[in-house]
Amino acid sequence: MTNIQTVAVIGLGYIGLPTAAILATNGFDVIGVDVNQKTVDAVNEGRLPFVEPDLGIHLAGAVSQGLLKATTETPSADAYIVAVPTPLKADKSADLSYIEAAARSIAPKLRGGELVILESTSPPRATRQMAQFVLDLRPDLSLDGAAAKPAVLFAHCPERVLPGRVMIELVTNDRIVGGMTPEAGAKAKALYSTFCQGEIFLTDDVTAEMAKLVENAYRDVNIAFANELSLISDRVGIDVWELIRLANRHPRVNILQPGPGVGGHCIAVDPWFIVAEAPQDAKLIRQAREVNDAKPLWVVDKVIDALSAVALDSEVAVLGLAFKANIDDLRESPAVEIASHLAQALETRRVNIVEPYIDELPKSLAGHSNVELVDVELAVKRSAVVVVLVNHDSFRGLDRDLFLGKAIVDTRGVLFL
Ligand code: SAJ
């Protein structure tokens, strides 16, 4: 038994909204809080503010049964889940101002006994910092009931779901719960057990924070290895896809796939929190970030090289803008970075963008008069050079004849597979 009936989820983004919806469909009274009125309105109307498979049906069901409501004001609740952004600052450390704002909005609502969970990906000790923000405003409360002050239970429960599979992974993934006190850990575990069928592991708050960062840094380092191989293979004159396919036939080798760089709001960001914490030690993690961050400009150079061999007015087709396959998420997308560089560098040539998941170009591209969002057939027909930046399923079965005589820069190895 959790003794929790009402849950406030602060931040209705890619993690907060699915979490709010799954809690509501499991019988909790959920109040979603967001600073963006448009998001609040969309949720209250049961409409998705972004694309995520299966979320729509959960959301619509929860809202129509009155179990999920959204508002801009933090309400009183038995449990609070903070799922706000923790972006990188210019010095590559984490910006905790959204966590601070959430803590400030929660503090006046507390009576003692509530659970406050930080889900946002955070640098070590951010949960303690959040607790401090709250307790500074509420000296009548405590972490553990000391000095007869009612306790507020703080825990870190990092999210681990993969965009595109969020509603499945929320239920099936194992979770890590880091309580600032054993009571906080136990209560948070009880809350997540109501919908999570994976195992839930208890630890302390700082280990939980680091575990999340390390998972994403692990993936970043491995993608960097693949990206470095793509540069080396290009220089040696061999096909990196074949190279990896063959090397992966070794029983203990499992190389990831190269691409145009690493995008999204997680893997390209979180390793920096580790580097900021231990700059003298986190050498490999920093180097991996640098390898992955350098890949988009390498791709731009490849495209410009290919264009230098064709007529001056030849056009280029850019296949894909999303940060990965089969989603509409353009955040930190290396494909957008590459397309923007091309638009700028190729002032006189048309850049034909294909992105089946969007109807409108993002601001960084819409401002260029030489950029147009078109369908894939038209883009390829018009262009002498085709650059593939995303492995959307819809690009896989494209007719080989469409590409006859074109120069192709396929950063994902997807065409004709
Ligand atoms: N990528 C490659 N090659 C690969 C795999 C990925 O270039 O072999 C690129 C993708 O194209 C994309 C980026 O890496 O640009 C990240 O994609 P991803 O699918 O690896 O991961 P994300 O960012 O969508 O989600 C990650 C997940 N973390 C791990 O797999 C360790 C997810 O479980 C986390 O919840 C999420 O970060 C998060 O929110 O932290």
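The structure presented is a predicted model; accordingly, all values stated were derived computationally and were not measured.

What counts and how
- Residues numbered from 1 in each chain as written.
- Predicted model: local features only at pLDDT ≥ 70, side-chain atom pairs only at ≥ 80, totals over all residues.
- Heavy atoms only, no water.
- Buried < 20%, exposed > 50% of the residue type's maximum accessible area, 1.4 Å probe, protein only.
- Helix = DSSP H or I, 4+ residues; strand = E, 2+ residues; numbered from the N terminus.
- Arc of directions from axis to C-beta.
- Contact = heavy atoms within 4.5 Å.
- Phe/Tyr/Trp six-rings, centres within 6.5 Å; stacked < 30°, edge-to-face > 60°.
- Lys NZ or Arg CZ within 6 Å of the ring centre and 35° of its normal.
- Near = heavy atom within 4 Å.
- Polar contact = N/O pair within 3.5 Å; in protein donor to acceptor, adjacent residues only side chain to side chain.
- Areas by Shrake-Rupley, 256 points an atom, 1.4 Å probe, with all protein chains shown as cover.
- Pairing = 2+ DSSP bridges.
- Axes fitted to C-alpha atoms, helices over the stretch in contact; angles between N-to-C directions.
- Salt bridge = Lys/Arg side-chain N within 4 Å of Asp/Glu carboxyl O.
- Right-handed = clockwise from strand over helix to strand, strands pointing away.
- Patch = residues over 30% accessible without salt bridge, like charges linked within 9 Å, V, L, I, M, F, W, Y side chains within 5 Å.
- Core = buried A, V, L, I, M, F, W, Y, C linked by side-chain atoms within 4.5 Å.

Visitor: Where do I start with helix H9 (residues 240–247) in this structure?
Guide: In an α-helix there are 3.6 residues to a turn, and that puts residues three or four apart on one side. Along H9, the residues that are buried comprise Val240, Trp241 and Ile244. Taken down its axis, H9 places every buried residue within 100° of arc, on the same side. What points out from H9, more than 90 degrees from its buried face, is the exposed set Arg245 and Leu246. Packing partners of the buried residues in H9 comprise helix H8 (205–236) and strand S13 (407–410).

Visitor: Looking at this structure, how should I read the packing of aromatic side chains?
Guide: Think of a pair of aromatic rings as described by two things: how far the centres are apart, and how the planes are tilted against each other in angle. With the rule as written, the count across this model stands at 2 aromatic pairs. The ring of Tyr14 has Arg331 lying over it, and the distance from NZ or CZ to the ring centre is 3.7 Å.

Visitor: So what exactly am I meant to see when it comes to the site of the ligand here?
Guide: The environment of the ligand is made up of 20 residues, and the closest members are Glu159, Lys212, Arg219, Gln257 and Cys266. The backbone of Gln257 places a nitrogen or oxygen atom 2.7 Å from a nitrogen atom of the ligand. Measuring from an oxygen atom of the ligand, one finds a backbone N or O atom of Gly263 at 2.9 Å. Notes on the ligand: free accessible area 760 Å², of which the protein chains cover 89%.

Visitor: I keep staring at the sheet that holds strand S12 (residues 383–388) and nothing clicks. Help me out?
Guide: The strands making up a sheet associate through hydrogen bonds between their backbones, and the pairing can be parallel or antiparallel. Read across the sheet, 5 strands follow the order S11-S10-S9-S12-S13 without closing on themselves; strand pairing throughout is parallel. On the outer flanks of this sheet lie strand S11 (371–373) and S13, each paired with one strand and no other. Direction aside, neighbouring strands of the sheet carry axes that sit 20° apart on average. Relative to S13, S12 runs parallel, the two being bridged by 4 bridges. In the strand pairing of S13, Val387 is matched with Val409.

Visitor: I tried to follow the sheet that holds strand S2 (residues 29–33) on my own but got confused; where do I start?
Guide: Taken in spatial order, the 8 strands line up as S3-S2-S1-S4-S5-S6-S7-S8 in an open sheet, and their pairing is mixed. Two strands bound the open sheet, and with one partner strand each, they are strand S3 (68–71) and strand S8 (200–204). Each adjacent strand pair in this sheet contributes to an overall mean axis angle of 25°, direction not counted. Here 5 bridges tie strand S1 (residues 6–10) to S2, and the two strands are oriented parallel to one another. Looking across to S2, one finds that Ile10 is bridged to Val33. Each of S1, strand S4 (79–82) and strand S5 (115–118) is contacted by helix H4 (residues 97–106), which is oriented at about 165° to S4, the strand it contacts most.

Visitor: Can you walk me through the pattern of salt bridges in this structure?
Guide: Tallying each qualifying case throughout the model produces 17 salt bridges. Residues Glu114 and Arg111 are paired through a salt bridge, measuring 3.9 Å at the closest nitrogen-oxygen approach. Residue Glu114 is classed as buried on the basis of its relative accessible area, which comes to 2%. With a closest N to O distance of 3.0 Å, Arg350 and Glu315 form a salt bridge.

Visitor: Teacher, can you tell me more about the pairing of S5 here?
Guide: Within a regular beta strand, the side chains point alternately toward one face of the sheet and then the other, so they alternate between its two faces. On S5, burial covers both faces: Leu115 and Ile117 on one face and Val116 and Leu118 on the other are all buried. Crossover connection from S4 via H4 to parallel S5: handedness right-handed. Summarising the sheet, S5 and strand S6 (residues 153–156) pair through 4 bridges and their orientation is parallel. Each residue of the ladder has a partner; that of Leu118, found in S6, is His156. Once you follow S5 into helix H5 (residues 126–137) and on to S6, the crossover reads as right-handed.

Visitor: What exactly am I supposed to notice about a nonpolar patch on the surface here?
Guide: A cluster of nonpolar side chains, namely Leu231, Ile232, Val236, Ile238 and Leu243, defines an oily patch on the protein surface of about 400 Å² accessible area. Sorting elements by how many residues they give to the nonpolar patch places H8 first, with 3 residues. In this structure, Val236 sits in helix H8. You can call Val236 exposed: its relative accessible area is 58%.

Visitor: Explain the pairing of S4 to me, please; I cannot follow it from the model alone.
Guide: Covered by surrounding structure in S4 are Ala79 and Ile81 together with Tyr80 and Val82, the residues of both alternating faces. Sheet analysis places S4 next to S5, joined by 4 bridges and oriented parallel. Counted as the bridge partner of Val82 is Leu118 from S5.

Visitor: Got a minute to help me understand the nonpolar core in this structure?
Guide: Taken as a class, soluble globular proteins show a tendency for nonpolar side chains to be buried jointly. Of all hydrophobic cores here, the largest spans 45 residues; its most connected members are Val7, Leu23, Leu68 and Leu191. Per-element tally for this core: the top contributor is helix H1 (residues 16–25), with 6 residues. Residues within four places of Leu23 in sequence aside, it is in contact with Val7, Val9, Phe28, Val30, Ile81, Leu191, Thr194 and Phe195. If you look at the next biggest cluster of nonpolar residues, it comprises 34 residues, including Val84, Ala107, Ile274 and Val275.

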